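One-letter residues, chain by chain:
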Amino acid sequence: MSTPTDRKFLGRLSLPERRFLTDALRTETVGGVLLLVAAVVALIWANTFHGSYESVSDFHIGPASLHLDLSVQHWAADGLLAIFFFVAGIELKRELVAGELRDPKAAALPVVAAICGMATPALVYLLVNAVGGGSTDGWAVPTATDIAFALAVLAVIGTSLPSALRAFLLTLAVVDDLFAILIIAVFFTDSLNFAALGGAVAGLALFWFLLRKEVRGWYVYVPLALVIWGLMYNSGVHATIAGVAMGLMLRCSIREGEEHSPGEHIEHLVRPISAGLAVPLFALFSAGVSVSGGALGDVFTQPVTLGVVLGLVVGKAFGIFGGTWLAARFTKAELNPELSWPDVFAVATLAGIGFTVSLLIGELAFKGDEALADEVKAAVLVGSLIAALCATVLLKLRVRKYQALVTEENRDDDHDGIPDVYEEGTAAYHLRMAEICERKAAEHRERARLASAPSDEADRPA
């Protein structure tokens with residue numbers, strides 16, 4: 001049994017955890033590539049046909065009687081991102097009951113790393129704006145990490161991270177999403193409609209009750225989810241919170257006779273919609289900012305935008321790395337000998353890609369100033385691009401080592417669908433057990449022989 005002094009940081013995952021991670025990240029990678037494409041299309045569209053882009057983004061649709069006559073851009077930010085946060089809620093629940101966060105000792109490292117990786121960018125932003133006399137309203141913009149965008153960068157540069165590093169990145173993003181949700185709920189709720197909020201809470205209670213009674217059928221839950229979302233939107237609390245709350249209510253533990261929990265099953269169904277449709281459409285209608293030489297120059301000269309860039313590039317990298325190193329030192333967790341601290345720093349740099357949630361928080365933080373909101377969006381794009389380039393350089397320096405580790409992880413010489421490293425571990429375990437059993441049996445035979453020796457001596461003739 002492992003103890004705090006021999007726990008491995010970034011050690012080998014269990015086989016079920018590794019399979020889940022592979023399946024989840026495969027979808028996120030495809031979604032990340034679509035996200036990149038959507039962002040590029042948005043930039044080209046907004047800078048080539050700005051009038052048509054504005055017309056489509058500002059086109060209003062929806063029932064005005066329910067206060068849902070929203071622009072297309074608004075629907076993408078409040079409506080489609082609720083699906084993204086619903087998946088984030090399921091991921092968080094699963095991590096808490098079956099993943100890295102279920103064990104407080106094992107969770108200490110990624111949780112501390114994520115907290116430091118959010119606090120440090122915020123401090124960098126506040127410091128830059130305190131010195132430069134800028135607005136402090138955007139302190140939360142550089143705190144977020146976009147896992148899909150980060151995985152898309154890995155796919156584009158052709159670097160496969162070992163599963164332990166990928167799991168660390170995913171766990172960071174899950175904890176990051178949790179705190180981003182709290183930031184949105186606490187700091188970007190201006191006024192409350194208690195009647196609508198009460199209705200949303202009642203709807204969530206009914207949602208929870210139906211889940212506990214194991215009522216099945218999408219035709220029950222989808223209409224109820226839409227009602228909850230509409231009430232949450234009208235309450236003044238950001239509507240994406242409804243998605244998170246419903247995701248957290250799903251059961252993610254496996255019962256006897258089940259291959260997958262209901263939460264995992266629903267996540268498997270909804271994740272492609274989130275990664276392949278909801279997030280790219282949000283990017284399409286949020287990343288379309290006018291970019292010119294002067295605008296790019298302003299990113300590095302205005303305190304608000306410079307704070308966002310430095311927060312993403314410097315704050316994220318040093319915050320996550322410093323938090324991880326300190327947590328590992330004080331918990332006495334040993335780093336996997338196959339990896340090194342520069343690998344952790346490279347992943348921390350990759351986490352500086354804060355796209356989806358950073359754009360959303362930027363819109364919320366500067367809601368009354370569209371010009372400044374667009375400048376902040378440009379800063380998010382620039383900061384994410386710089387972080388991606390820095391991570392590319394750092395990861396490419398170790399690409400051969402990573403390729404060797406990934407090849408060894410995936411080696412399956414007997415073609416039975418189970419990587420050989422797991423079977424070798426199982427065989428070694430059974431061999432040790434057999435050796436222990438044989439040794440105990442030999443000791444038992446020796447004790448029996450010695451116990452019978454005196455009677456044999458007594459039976460001998462004088």
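Heads up: these notes are all about the structure in this document. (Residues numbered from 1 in each chain as written. Predicted model: local features only at pLDDT ≥ 70, side-chain atom pairs only at ≥ 80, totals over all residues. Heavy atoms only, no water.)

1. Details of the overall build of the chain
Then, in step 1: What the chain contains, in helices and strands, is 17 helices and four strands.
Then, in step 2: Put simply, the chain has 462 residues, and 48% of those count as buried. (Helix = DSSP H or I, 4+ residues; strand = E, 2+ residues; numbered from the N terminus. Buried < 20%, exposed > 50% of the residue type's maximum accessible area, 1.4 Å probe, protein only.)

2. Some words on the packing of aromatic side chains
Then, in step 1: Applying the stated criterion across every chain, the model contains twelve aromatic pairs.
Then, in step 2: Between Phe84 and Phe85, the ring centres sit 5.1 Å apart and the planes meet at 80 degrees, which makes this aromatic pair edge-to-face.
Then, in step 3: Here Phe84 falls in the buried class, since its relative accessible area comes to 16%.
Then, in step 4: For Phe85, a relative accessible area of 1% translates into the label buried.
Then, in step 5: Between Phe207 and Tyr221, the aromatic rings sit 5.4 Å apart at their centres with planes inclined by 75 degrees, giving edge-to-face as the arrangement. Pair noted here: Phe207 is in helix H7 (residues 194–212) and Tyr221 is in helix H8 (residues 218–235), with a separation of 14 residues, a long-range link. The exposure classification of Phe207 matches that of Tyr221, with both residues buried. (Phe/Tyr/Trp six-rings, centres within 6.5 Å; stacked < 30°, edge-to-face > 60°.)

3. What to know about the pattern of salt bridges
Then, in step 1: For the coordinates displayed, the defined rule picks out nine salt bridges.
Then, in step 2: Arg271 is the salt-bridge partner of Glu91, the closest N and O atoms lying 2.7 Å from each other. Here the residue Glu91 occupies a position in helix H3 (residues 72–97), and Arg271 occupies one in helix H10 (residues 262–286), the gap between them amounting to 180 residues. The same class applies to Glu91 and to Arg271, which are both buried.
Then, in step 3: In this structure, the salt-bridge partner of Glu363 is Lys377, at a minimum N-O distance of 3.1 Å. Of this pair, Glu363 sits in helix H14 (residues 356–365) while Lys377 is found in helix H15 (residues 370–396), placing the two residues 14 residues apart along the sequence. (Salt bridge = Lys/Arg side-chain N within 4 Å of Asp/Glu carboxyl O.)

4. A few points about the nonpolar core
Then, in step 1: Core analysis: the biggest nonpolar cluster contains 110 residues, and Phe85, Leu350 and Phe355 have the highest contact counts within it.
Then, in step 2: Beyond its immediate sequence surroundings of up to four residues, Phe85 is in contact with Ile181, Ile184, Thr240, Gly243, Val244, Val357 and Leu360.
Then, in step 3: Within the second largest apolar cluster, six residues are counted, among which are Leu68, Ala82, Trp229 and Tyr233. (Core = buried A, V, L, I, M, F, W, Y, C linked by side-chain atoms within 4.5 Å. Contact = heavy atoms within 4.5 Å.)

5. Here we look at empty space enclosed by the protein
Then, in step 1: Counted according to the given criterion, the structure contains four cavities of 30 Å³ or more.
Then, in step 2: Every residue lining the largest cavity is counted, 15 residues in all, and those nearest its centre are Glu28, Phe84, Glu91, Ile147 and Arg271.
Then, in step 3: Those elements that place two or more of their residues in the lining of the largest cavity are H3, helix H5 (147–157), helix H6 (163–187) and H10.
Then, in step 4: Here the residues of the lining of the largest cavity are counted per class, giving ten nonpolar, one polar and four charged. (1 Å grid on protein atoms, 1.4 Å probe; cavity = no way out; pocket = protein on both sides within 12 Å on 5 of 7 lines; lining within 4 Å. Points joined across faces, edges and corners; volume = space filled by probe spheres on them. Nonpolar A, V, L, I, M, F, W, Y, C, P; charged D, E, K, R; others polar.)

6. As for the layout of surface pockets
Then, in step 1: Its boundaries defined by the atoms lining it, the largest pocket holds a volume of some 1100 Å³.
Then, in step 2: Every residue lining the largest pocket is counted, 33 residues in all, and those nearest its centre are Phe86, Phe207, Tyr221, Val222 and Ile266.
Then, in step 3: Here the lining of the largest pocket is built from residues that sort into 21 nonpolar, six polar and six charged.
Then, in step 4: Its boundaries defined by the atoms lining it, the second largest pocket holds a volume of some 960 Å³.
Then, in step 5: Forming the walls of the second largest pocket are 38 residues, and the residues nearest its centre are Gln73, Glu363, Lys367, Glu370 and Lys377.

7. Some remarks on the side chain of Arg271
Then, in step 1: Judged by relative accessible area, Arg271 falls into the buried class, the value being 4%.
Then, in step 2: Reaching out from Arg271, the side chain makes a polar contact with the side chain of Glu91 at a distance of 2.7 Å. (Polar contact = N/O pair within 3.5 Å; in protein donor to acceptor, adjacent residues only side chain to side chain.)

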